[in-house]
Every structure is written in C-alpha cells, then in structure tokens.
Amino acid sequence: MELSLSHSSLGISAVNPHCKASSCQPKAIPSKLNGKLLDLSFKCFKNGVSVGLYSQSSCSKHVPTRQFKRNSIWACSQVGAAGSDPMLNKISTFKDACWRFLRPHTIRGTALGSVALVARALIENSNLIKWSLLLKAFSGLIALICGNGYIVGINQIYDIGIDKVNKPYLPIAAGDLSVQSAWLLVIFFAVTGLLIVGYNFGPFITSLYSLGLFLGTIYSVPPFRMKRFPIAAFLIIAMVRGFLLNFGVYYATRAALGLPFQWSAPVAFITTFVTLFALVIAITKDLPDVEGDRKFQISTLATKLGVRNIAFLGSGLLLVNYIAAVLAAIYLPQAFRRGLMIPAHIFLALCLIFQAWVLEQANYTKEAISGFYRFIWNLFYAE
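Keep in mind it's a predicted model, so treat the numbers as computed, not measured. (Residues numbered from 1 in each chain as written. Predicted model: local features only at pLDDT ≥ 70, side-chain atom pairs only at ≥ 80, totals over all residues. Heavy atoms only, no water.)

(A) Main features of the overall build of the protein. Check the secondary structure of the protein and you find 16 helices and 2 strands. Burial status across the protein gives 45% buried among its 383 residues. Taking all contacts inside the protein whose residues are at least 6 apart in sequence as the whole, residues at least 24 apart take part in 71%. Here the protein has roughly 20,800 Å² of accessible surface; of this, 66% comes from carbon and sulfur atoms. (Helix = DSSP H or I, 4+ residues; strand = E, 2+ residues; numbered from the N terminus. Buried < 20%, exposed > 50% of the residue type's maximum accessible area, 1.4 Å probe, protein only. Contact = heavy atoms within 4.5 Å. Areas by Shrake-Rupley, 256 points an atom, 1.4 Å probe, with all protein chains shown as cover.)

Following this line, the structure appears as structure tokens:
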C-alpha cells in the first residue's frame, strides 16, 4: 500500500509491482474531502482493510472520487459493524458458543431417529392422525433436544482438560463459554425437558426420560464417571441413544394416538438396528481422542486395544448390521420394501468398506481417524 500525504491533498493507491511508475501515479483528491477521507482511510487501515483508488488488475484506470468515497464508507462500515455495538457482539458470540455446546451432530441424530419412529407409528395408524398431535410431537422433539443438550453439556463441564487436548474447538475448552454459564444451560435443559415430558406424556415416559438423564449424569460426573470404564461407557451410550430413545418415542407416539404399546416387525428392527449402531458410535467415538485420553489416564477401548483394532471392530459390527438388514428384507417382504432396503444397505456397506480401506491407507493419522468417525455419523444420518 502506498500512502502519499500533503497539506492540500490525500492520495492513496494500491500499486501493482509490475506496472510502470508513470502509469500508476495516484490521483489527488480535492482538499475539501481531506478530513473525511483521511479519517476513513486510517480507520480502515487500522482494521486491516485495504482501500485503493485504483484497480489491481488495471492500475492505469483511475476509480472516480465519488465511487472511492462510497466504497471507503461501505468498507469501514462493514468492518466496524460488528465492533460498533459490543452488546450485539456478545450476543452473537454467546449464541455461537451455545450452538457448539449443544454438539449439533448429536442433535441431528436424535431428531432424525425420533422423526423416523413417529412417521412409522403414523403410517401404521394413518386413520388416527390429527392435526392437534403436531404440537405434541413438536414439544416432544424439543424435550429430546433438551435432554441431549443436558447430556453433552454435563460431559463438557467435567471434561474441560481433556477437551483442551482432544476438542479445543468446544466452547468451554476454547474459553468462549464460562463454566457458570454452562451450568445454567444444563440446568435449564434438564428442567425444561422434564417439565415438557411430565406435562405432555405421562409418568411412564417421564420415568424413561429421567433414566436417560441419570445415565448421562453418571457417565460424566464424579465419583461415578462411568466413562472411565470402557464397557460401562459404551453400554450407557447404546442404551440412551439406542433403546431408550427409540422405544420411548414409539411408545409415546402410540399413547398420543390412544393405542396401547405393541411391537411391530419394522419398529423392532429399527430399534435393534439403531441400538447396535449407537454401540458402534460409542466404540468409535474415542478414536479421535486417544491422545487426550492417554494424557488424562482415561481408559477406553481405543487406548487399550489400539486405534486400528477398534476401527476394524466398529466396521465389522456395522457390516453385521447391514447384512441383517438385507436378510430382514429378504425373509420379511411383507414388512419391508425389498427394492429399496436391499440395494441401499449393500451400497452403504460398500461405502463403509471403502472408508475403512482409506483409513488403512492413511496409516491412521489423526485427520484420517476424525474423518472416519464423521463418516460413521453420516452413515447414521443416512439410515
């Protein structure tokens, strides 16, 4: 950036090093604009914004003074927009921190699973569908998101040191959310979820919801901290994200329709499939966290058996799941759509095998391991 100042004029130019000096001379701006433009130019320069009178692609063509003034004002206003109001800045930062605190990928899994089961129950009893049930279903989804927020939130509160190594982007570990604010959020999530469920879904579903919160608590909170014990840890995750979620949602939906609970072949399959999938997620979730877990002496299957063995174990269990899905479609054609279910699960199984091969070829680097774990979640969404 070349800045030329005199007592009567201000010239600012972005000079292309390949241009001749004669063709890139700055054009003086009338002195009556000096005060405003000088102030704008220095403000923009201070904020790291380059403002030029000439185009970098053709420095022989001058930009009109009026256009320069307009662009300068626009650039400075854009830079200063966020910093001009500290309160808006704080609100925006807090909103972003809260969203990361909720772990969005887990919300997607919870929402997609619950919507699928509600849809299944409604398809089985389409004659009982009422618009009044829409509000109840929405409140149930909010309660599930609150429960999810409580469980992942309480885990972050007690894993700050580990997260600074394994997941430094999480809001508490990154310093974007205070521990006090995090406690207020998890208390809010727990109370709100319990109130919604208790008011709308009766004592049995409330007890299941409370059991999920309890299991999420003992998973993370001392002196229990069941995450220290590999088998207990992944059984808790599989129970909460697999069986309790699917059974509870389907039970609540049938109750809202005025029907007693009754297993059907598709729902039994979905519940079993998702529970085993949740087990795989529980096993593989520690793959990207081996470094921090070893540092803080957290015993996981990945630290005990090695990353490669756990990746193969998770892939093998998922392949069993997909093979079971194909067999279910073959032997229960009245319950499942063969034309969709068989090719879809064969395709997903082939994708899984390919991704495991990619991980092997990458020699299990940290980036490859993180990509493999994200791929497992993407497979979950695809279901």
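(B) Up close: the pattern of salt bridges. Scanning the entire structure with this criterion turns up 9 salt bridges. The partner of D96 in a salt bridge is R100, with the nearest N and O atoms 3.1 Å apart. Remark: R100 and D96 occur in helix α3 (residues 86–101); sequence separation between them is 4 residues, near one turn of the helix. Overall, the relative accessible area of 39% leaves D96 in the partly exposed class. E291 is paired through a salt bridge with K366; the nearest N and O atoms lie 3.6 Å apart. A residue pair is termed long-range when its members are at least 10 positions apart, and E291 in helix α12 (residues 290–295) and K366 in helix α16 (residues 366–382) qualify at 75 residues. By relative accessible area, K366 is classed as partly exposed at 39%. What you see here is one network of salt bridges that share partners, running through D96, R100 and D176. (Salt bridge = Lys/Arg side-chain N within 4 Å of Asp/Glu carboxyl O.)

(C) Representation of the packing of aromatic side chains. Taken as a whole and assessed by the stated rule, the structure comprises 19 aromatic pairs. Ring centres of F247 and W263 lie 5.9 Å apart, and the angle between their planes is 35 degrees; this geometry places the pair in the tilted category. Highlighted residues: F247 in helix α10 (residues 230–256) and W263 in the loop between α10 and α11 (265–284), separated in sequence by 16 residues. Judged by its relative accessible area of 40%, W263 falls in the partly exposed class. Taken together, a centroid distance of 5.8 Å and an interplanar angle of 80 degrees make the contact between Y250 and F261 edge-to-face. Taken together, the residues span a long stretch of sequence, with Y250 in helix α10 and F261 in the loop between α10 and α11 at a distance of 11 residues. Judged by its relative accessible area of 27%, F261 is partly exposed. (Phe/Tyr/Trp six-rings, centres within 6.5 Å; stacked < 30°, edge-to-face > 60°.)

(D) Expanded view of a nonpolar patch on the surface. On the surface, Y158, V179, W183, I187, V191 and L195 cluster together into a nonpolar patch covering about 520 Å² of accessible area. No other element matches the 5 residues that helix α8 (residues 179–200) contributes to the nonpolar patch. For V179, the location among the structural elements is in helix α8. V179 gets classed as partly exposed once you look at its relative accessible area, which sits at 35%. (Patch = residues over 30% accessible without salt bridge, like charges linked within 9 Å, V, L, I, M, F, W, Y side chains within 5 Å.)

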